[in-house]
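Fold and contact review
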Amino acid sequence: MKYAYYPGCSSHSTARDMHESATAVARRLGIELVELDGWSCCGATAAHQTDRLLAASLPSSNLLLAQRTGLDTLVTCAACYSRMKAANHEVSSSPDMRKKVAEAVGSDYDGSMPVRHIVEVLLEDVGMPKLKKSLARSLNGLKVAAYYGCLLVRPHDVTGFDDAENPVSLDRLVEAMGGESVDWPCKVDCCGGGLNLTRTDEVVRLSNSIIDMARDSGADCIAVACPMCQASLDLRQKDMKGGAGKGRLPIVYITQLLGLCLGIAPAELGLNRLMASPDAVLQAVSSKGS
Amino acid sequence: MTIVISKKRRTSGLRPQVEEMSGVKLDTCYQCRKCSAGCPVAVSAGSAPSEIIRRLHLGAGDELLESGLVWMCLSCETCYGRCPMQINFPAVIDALRSLSVAKGIKAPGGNMPLFNRMFLENVKIFGRSYDLSMIMGYKLGSGKLMDDAGKFPAMLGKGKMALLPPSGADKMSVRRIFDHTVGKKVKSK
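Figured I'd write up the structure that's included with this text.

Thresholds applied
- Residues numbered from 1 in each chain as written.
- Chains lettered and ligands numbered in written order.
- Predicted model: local features only at pLDDT ≥ 70, side-chain atom pairs only at ≥ 80, totals over all residues.
- Helix = DSSP H or I, 4+ residues; strand = E, 2+ residues; numbered from the N terminus.
- Pairing = 2+ DSSP bridges.
- Contact = placed C-beta atoms within 7 Å.
- Axes fitted to C-alpha atoms, helices over the stretch in contact; angles between N-to-C directions.
- Core = buried A, V, L, I, M, F, W, Y, C linked by C-beta atoms within 7 Å.
- Buried ≥ 20, exposed ≤ 12 C-beta atoms within 10 Å, placed from the backbone.
- Arc of directions from axis to C-beta.
- Nonpolar A, V, L, I, M, F, W, Y, C, P; charged D, E, K, R; others polar.
- Parallel < 35°, antiparallel > 145°, perpendicular 65-115°, else oblique.
- Left-handed = near helix turned anticlockwise from the far one by under 90°.

Observations concerning unusual backbone geometry
Omega for the peptide link from Arg154(A) to Pro155(A) comes to -15°, which places this bond in the cis form. Within the secondary structure, Pro155(A) is located in the loop between strand 5 (143-146) and helix 8 (156-159). For Arg33(B), which is not glycine, the phi dihedral falls at a positive 70°. Position of Arg33(B) relative to the elements: it lies in the loop between helix 1 (15-22) and helix 2 (34-38). One non-glycine residue, Gln86(B), adopts positive backbone phi at about 50°. Relative to the assigned elements, Gln86(B) resides in the loop between helix 6 (78-82) and helix 7 (89-102).

Laid out in structure tokens, this is it:
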């Protein structure tokens, strides 16, 4: 299993733990990641809010780099995943857009390079039998709220990830690791991440309701697969009302949970970088049979 | 909300331009309001997706660009995902944003145009996002220097905020894309 790895900008700043845990898990499972040489920003929300052609061109130039390697692109960030898939959709569904993108990027791109999120690679390429066989530890019944957010599942005709309203990919991984994925209604709700700097009050309001619901559903932690969701729920938790005295809820990447169950040391998975202490998770993993 | 429409209005307003820019046809919307029911920010923005579409139907002009939703929309795509007619409303909002910036209309509620400009300026220079520089640029520009300042030491301590600019991107390719798309819209410092 070999992939062209597109880390995305947040891998070197706010989501270093996502990058660290993803690469550690990949190494352990024999997934070879070849970082795309010279990769650049996907444009994120700023590009598509500004100019449609810019938003299609920035990811296309990266997918052209991947085309040269002949490998599928593996991404860990849900936003990069969404922008790359959207660019593929724009370029492949409109000859006019394809032509304009070719002019902007300097070479023709047909929108055909596969873009895979690491969760898809874990479930579809590595597969459940191999994953289960590789586990050294268990989550020992830890109650996990699997949280998908927006960008993996929507728009569904563009991303094609799992199911738009009730995805189960993360839940399946949690259950495979011996955790209990709680039944809760906020799986695909928005954390407000897009307004992080401009309307922080809205981020706190939306993320607060997600955390309250996870807690009310009995969750010991929330598992995420998007760096914006992680930042909103973790970094902003201190500013939220309610929940005080109950302690903060750990917000962990699914690759951090998987890494722990593969027997990888917490520091290698960036668990020391979380704002809300992951102690509840660490205790569950080491509680018995390990 | 009451929408006042002048009987004298003879133009089709922003609609043709928005449809052209977004590639979205609005005539299939029958106001079921599923989009508005699922919108996470409609309540705070004071305007909802179905209302924006209806106002476009009715020939709304530049006054529509002052609606709260234009800059509060999170691009969460819930409206698009649930629309029975597959109307890509987030693309409509993106078109309204471009028009708003082009016409120099003040963004209500938070300064998203400034954020976008700072983000893209850094991408244009470094080829990748440089959070520290982008955040400082936004804070200086918006005058909200001390908002969130308490988060900064914690993020530095946890290694979640890089001090040095990113390196390794093919900057020439990125520069070329900017020059061939937004051109002078995003000025380099």
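Remarks on the sheet that holds strand 7 (residues 221-224) of chain A
All names here are of chain A. Read across the open sheet, the four strands follow the order 6-5-7-8; overall the sheet is parallel. Strand pairing shows two members of the sheet lacking a second neighbour, strand 6 (180-181) and strand 8 (251-253), which therefore form its edges. With three bridges connecting them, strand 5 and strand 7 associate as parallel partners. The partner of Ala146 across the bridge, within strand 7, is Ala223. Seen against the sheet, helix 11 (residues 227-235) touches strand 7 and strand 8 and runs at an angle of roughly 160° to strand 8. Relative to strand 8, helix 12 (residues 254-261) is tilted by about 75°, and along the sheet it contacts strand 7 and strand 8.

Concerning the nonpolar core
Residue and element names in this part refer to chain A. One finds Tyr147, Ile222, Ala223, Val224, Ala225, Cys226 and Ile254 to be the most contacted residues of the largest nonpolar core, which totals 154 residues. Counting residues per element, this core draws most heavily on helix 4 (residues 78-93), which supplies eight residues. The residues contacting Tyr147, other than those within four sequence positions of it, are Cys186, Lys187, Ile210, Ile222, Ala223, Val224 and Cys229.

A few points about helix 13 (residues 279-286) of chain A
All names here are of chain A. Here helix 13 has its buried residues at Val281, Ala284 and Val285. With its buried residues spanning 95° around the axis, helix 13 presents them on a single face. More than 90 degrees from the buried face of helix 13, the exposed residues found are Asp279 and Gln283. Taken together, the buried residues of helix 13 touch strand 7, strand 8 and helix 12.

Brief notes about the interface of chain A and chain B
Between chain A and chain B, the residue contacts involve 46 residues of the former and 49 residues of the latter. Mapped onto the side of chain A that touches chain B, the elements with two or more residues apiece are helix 2 (44-50), helix 3 (52-69), helix 5 (95-105) and helix 10 (200-216) of chain A. Ranked by residues supplied to the side of chain A that touches chain B, first place goes to helix 2 of chain A with seven residues. For the side of chain A that touches chain B, the per-class residue count stands at 20 nonpolar, 17 polar and nine charged.

A word on the packing of helix 3 of chain A against helix 5 of chain A
Residue and element names in this part refer to chain A. At a closest axis distance of 9 Å, the pairing of helix 3 and helix 5 adopts a crossing angle of 70°. When the axis of helix 3 is compared with that of helix 5, the two are roughly perpendicular. Note that helix 3 runs across helix 5; the crossing there is right-handed. Within the contact between the two elements, helix 3 uses Leu53, Ala56, Ser57, Ser60, Ser61 and Leu64 and helix 5 uses Met97, Lys100, Val101, Ala104 and Val105. Taken together, the residues of the contact of helix 3 with helix 5 sort by class into seven nonpolar, three polar and one charged.

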